Amino acid sequence: MNTENDLDEAAAVFMAVRPRLFGIAYRMLSSASEAEDLVQDVWLRWQTYDRAAVENPAAFLATTTTRLAINALQSARARRETYVGPWLPEPVDTSADPYLGAERGDALQFATLMLMEKLTPNERAAYVLREAFDYPYAQIADILRSNEPAVRQLVSRARKAVTSDKRAPVSSAAQRELLASFITAARSGDMTALERLFAADVTSVADGNGRAQVSRKWLEGAPRVAKFLHAMTWFWDGTEVSWAQTNGQASAVLRRDGDVYGLITVSASADGIDQVLWFVNPDKNGHVTNAGVSRS
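Rules behind the numbers
- Residues numbered from 1 in each chain as written.
- Predicted model: local features only at pLDDT ≥ 70, side-chain atom pairs only at ≥ 80, totals over all residues.
- Heavy atoms only, no water.
- Helix = DSSP H or I, 4+ residues; strand = E, 2+ residues; numbered from the N terminus.
- Contact = heavy atoms within 4.5 Å.
- Axes fitted to C-alpha atoms, helices over the stretch in contact; angles between N-to-C directions.
- Parallel < 35°, antiparallel > 145°, perpendicular 65-115°, else oblique.
- Left-handed = near helix turned anticlockwise from the far one by under 90°.
- Buried < 20%, exposed > 50% of the residue type's maximum accessible area, 1.4 Å probe, protein only.
- Pairing = 2+ DSSP bridges.
- Salt bridge = Lys/Arg side-chain N within 4 Å of Asp/Glu carboxyl O.

**Topic: the environment of Tyr137**
Secondary-structure assignment places Tyr137 in helix α6 (residues 137-143). Along the sequence, Tyr137 and Ala173 sit 36 residues apart, while their C-alpha atoms lie 35 Å from each other. Once residues within four sequence positions are removed from consideration, Tyr137 is found in contact with Arg130, Glu148, Val151, Arg152, Val155 and Arg159.

Set out below in structure tokens:
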């Protein structure tokens, strides 16, 4: 029977690894709110588990988190089939922890999370554990109830899938500067300035889940995106812009009458801005609107 001292010790052990557990769950699900729920589930299971039988609590908790995340990802994908318009990852504040509990910031930027959507749950788990957290292949095999050669294959396939369409990103400072230039040009509707900022095949994607006056289609190509922004200069009337760090990159927080309307960020390479991402589903912005925000 667990005593109060046992539970205090269990809580201390859990809290020591909680950032890593959240980091695993978030990279698996691309949702901060779902990751929080999953980590809470792991904590409840840890309280009632026979902890005396666990030789390595950190490994046990990471295994539990990963396996629950694989199951959750399968049901999450089913829910997304009924989502209205494009679905984007849920932004998470990284101003305090730029790596979100990992050794490296891998599999955290929006462009990577979006590419990981095409992986199988096991490929995604193997990729996340290896690339972001540097788990040995043998330990990943134990977590996935597999063997080391099979896990190496999973990681190799996942790497190819993620890197085949991914461009080398610009520096953090350049990304912030491009985002600021984009906001300025979009406010004025300057199509020439916008097209100069864009890569030829730029895409603009808005996640609003059916919110009024939010595009429900991907827009592709510099002329089309610039024309769309030129036609919506009304959007910026009464909109205040501040800055936050989400998923390791600069984002613009949009407020109207003091309330958060949404966020915008861009991904860019040497060719210019290749993605403009609009996070305007109010249910998905809570993890970045109360922290890490600066005015400019």
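**Here's the deal with the packing of helix α3 (residues 57-80) against helix α5 (residues 121-132)**
It is at 10 Å that the axes of α3 and α5 come closest, and there the two elements cross at 135°. Taken together, the axis directions place α3 and α5 in an arrangement best described as oblique. α5 is crossed by α3, and the crossing has right-handed handedness. Two secondary-structure elements touch here, α3 through Thr66, Ile70, Leu73, Gln74 and Arg77 and α5 through Pro121, Asn122, Arg124, Ala125 and Leu129.

**A short note on the pairing of strand β4 (residues 249-256)**
In terms of burial, β4 is largely enclosed, as 7 of its 8 residues are buried. Note: strand β3 (residues 239-246) against β4, 8 bridges, orientation antiparallel. Looking at β4, one finds that Val241 is bridged to Leu254. Once β3 ends, the chain turns through 2 residues before running back antiparallel as β4, passing Asn247 with a positive phi of about 50°. Where β4 and strand β5 (residues 259-269) come together, 5 bridges link them in antiparallel fashion. Directly across from Val253, in β5, lies its bridge partner Leu263. Connecting β4 to the next strand, β5, in antiparallel fashion are 2 residues, including Asp257 with a positive phi near 55°.

**Details of unusual backbone geometry**
Positive phi values are uncommon outside glycine, yet Asp134 reaches one of about 55°. Relative to the helices and strands, Asp134 resides in the loop between α5 and α6. The class for Asp134 is partly exposed, based on a relative accessible area of 42%. Residue Asn247 is not a glycine yet carries a positive backbone phi of 50°. By the element assignment, Asn247 lies in the loop between β3 and β4.

**Digging into the pattern of salt bridges**
Tallied over the full model, the rule gives 13 salt bridges. Measuring nitrogen to oxygen at the nearest pair gives 3.0 Å for the salt bridge that ties Glu123 to Arg157. You can see Glu123 sitting in helix α5 and its partner Arg157 sitting in helix α7 (residues 148-163), a full 34 residues away along the chain. Judged by relative accessible area, which is 42%, Arg157 ranks as partly exposed. Between Arg167 and Asp201 there is a salt bridge, and its shortest N-O distance comes to 2.3 Å. A residue pair is termed long-range when its members are at least 10 positions apart, and Arg167 in the loop between α7 and α8 (172-188) and Asp201 in strand β1 (residues 198-207) qualify at 34 residues. For Asp201, a relative accessible area of 42% gives the class partly exposed. Sharing partners across several salt bridges, the network here consists of Arg80, Glu117 and Arg124.

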